[in-house]
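# A structural walkthrough
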Amino acid sequence: MKKLLCILAIVSSFSFVFSIELPVGGDYIFRLSNPEVLAGAASSAGGGFYTSGPSAIINNPALTANDQRIMLNLGYTALFSSKENAGFGSGMELALLIPSHHGVFTGILNGLFCDVGKLQYGNIVTVKGGFSKDITDRLYAGLALSGGARWAEGTDWHLALDMGFVYHWGNLGFLKDTRIAGTLMNLGKPYELGMPSLATPKVGIAATLFSLAHDNVKAGFSADLSFPMFMNMVFDAGLQFRIAKIITIKSGWQFDVRDTAHKDYNLLPSVGVTVRFGINTKKNQFMIDKGWQQSEITTSGAWQNLYQGVQAISAGAAINLGLRDTEAPKINLWNEE
């Protein structure tokens, strides 16, 4: 009898999932404004090569804990369809990351203005702030608080807390730089449409698969499993290739149980490319005084075919001020000179 009741409970919970009127893709609205996130397979463990930066707190607020440089990020996404009268939408992002001795602080201003095909989101503006810290050399933890407003036929608001961790496992068999992660997201009030889903737990793993030619060619992967509102299941998988630490090619694929049941699934993966290059401002005294005379700029672009032929084309740029400190600290004993 108890087994029968358990089976009935599971079946009824899944039937409830399929009846939810959440807009298509409503759990992923914050990923549409940045090419790195759009093509990054929503990895809570940082992706195959551990990509962090301010936009990473969208997937896990702990990912920024080891960032050492001030970082500014800009992103824009165009959303459109070839179907007549389908409309045109835009996603925009401005993000800033500031490291300190106490931890890493991150802020994101995100705008999404979209009523294209089945992507009926209205106009949404969100502010998100995050804090992360390395607890040990291997364990990172973080929190993020987001608040936003939405207006369409009426007005609505959103307020939620995210929390997460990343653990650097190290080598695991043939997998190198293996990381495992977990998050609990959207603890608070979603928009009235139910997006993003309340209380979404997520677990993920990411690692380097192989490296060739003295690490000039590398491949990595990520895999995540999330349970929006404990009443749906979403699987995300990503594959990345890096060439000479300059060019990274990304691809992400997602399987959403609820969307598939509603025949709103998308089987095509996202595709993205990032290119990183250095800049030198030795003649700028202000940059020299700040230690920013050598910095890095990363440009990125991504494409994804969304639901019912809606296309997302995204572009962005990020600047890291200064160079990452890779030298171990020097220790003098007995007043050595």
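Residues numbered from 1 in each chain as written. Predicted model: local features only at pLDDT ≥ 70, side-chain atom pairs only at ≥ 80, totals over all residues. Heavy atoms only, no water.

### A few points about a nonpolar patch on the surface
In plain terms, the rule: Like charges are joined within 9 Å and nonpolar side chains (Val, Leu, Ile, Met, Phe, Trp, Tyr) within 5 Å, but only among residues with over 30% relative accessible area and no salt bridge; these make up the patches. Shrake-Rupley sampling with a 1.4 Å probe provides the accessible areas, and residues are treated as covered by the protein chains on show and by no other component. Salt bridges are defined by distance alone: a side-chain nitrogen of Lys or Arg within 4 Å of a carboxyl oxygen of Asp or Glu. Numbering goes from the N terminus for both helices and strands, where a helix is a DSSP run of H or I of at least four residues and a strand is a run of E of at least two. Buried, partly exposed and exposed residues are distinguished by accessible area as a fraction of the type maximum, computed with a 1.4 Å probe on protein chains only: under 20%, between the cut-offs, and over 50%, respectively.
Together, Phe210, Leu212, Val217, Leu239, Phe241, Ile243, Ile246, Ile247, Ile249, Val273, Val275 and Phe277 give the surface a local cluster of nonpolar side chains, amounting to about 910 Å² of exposed area. Sorting the residues of the nonpolar patch by element identifies strand 8 (200-212), strand 10 (234-243), strand 11 (247-256) and strand 12 (270-280) as the ones contributing at least two each. Relative to the assigned elements, Leu212 resides in strand 8. Residue Leu212 is classed as partly exposed on the basis of its relative accessible area of 49%.

### Structural notes on the pairing of strand 11
Where a strand is regular, its side chains alternate between the two sheet faces. Keep this limit in mind: Pairing between two strands requires that DSSP report at least two bridges joining them.
Judged by which residues are buried, strand 11 turns out to be one-sided: Thr248, Lys250, Gly252, Gln254 and Asp256 face inward and are buried, whereas Ile247, Ile249, Ser251, Trp253 and Phe255, on the alternate face, are not. Pairing analysis gives 10 bridges linking strand 10 to strand 11, with the strands arranged antiparallel. Looking at the pairing, Gly238 lines up with Gly252 of strand 11.

### With respect to empty space enclosed by the protein
Inclusion rule: Here the term cavity refers to a set of points on a 1 Å grid, laid over the protein atoms alone, in which a 1.4 Å probe fits but cannot get out; the term pocket refers to an open set having protein on both sides within 12 Å along at least five of seven lines, with lining residues being those that place an atom within 4 Å of a point. Grid points are joined across faces, edges and corners, and a volume is the space filled by probe spheres set on the points.
One pass over the structure, following the stated rule, counts 4 cavities of 30 Å³ or more. By volume, the largest cavity amounts to about 390 Å³. If you trace the largest cavity, you find 26 residues lining it, with Tyr28, Gln254, Gln304, Leu306 and Tyr307 closest to the centre. Secondary structure elements with two or more residues in the lining of the largest cavity: helix 2 (35-38), strand 11, helix 3 (257-261) and strand 13 (294-305). If one sorts the elements of the lining of the largest cavity by residue count, strand 11 sits on top with 5 residues. The volume enclosed by the second largest cavity comes to roughly 200 Å³. Listed by contribution, the elements that provide at least two residues to the lining of the second largest cavity are strand 7 (175-189) and strand 8.

### Considering the nonpolar core
This is how the line gets drawn: Note on terminology: a nonpolar core comprises buried Ala, Val, Leu, Ile, Met, Phe, Trp, Tyr and Cys residues joined through side-chain atoms within 4.5 Å. Note on contacts: a residue pair is in contact if any heavy atoms of the two residues lie within 4.5 Å.
Grouped together as the largest cluster of nonpolar side chains are 28 residues, with contacts concentrated most on Leu112, Tyr121 and Leu306. Elements supplying a minimum of two residues to this core: helix 2, strand 3 (104-116) and strand 4 (119-134). At 4 residues, the largest contribution of residues to this core is made by strand 3. Contacts of Tyr121, omitting those with residues within four sequence positions, involve Pro23, Val24, Gly25, Gly26, Ile29, Leu32, Leu112, Cys114, Asp115, Arg150 and Met195. Ala45, Ala62, Leu63 and Val166 belong to the second-largest nonpolar core, a separate cluster that totals 10 residues.

Shape is all these values report; function is a separate question.
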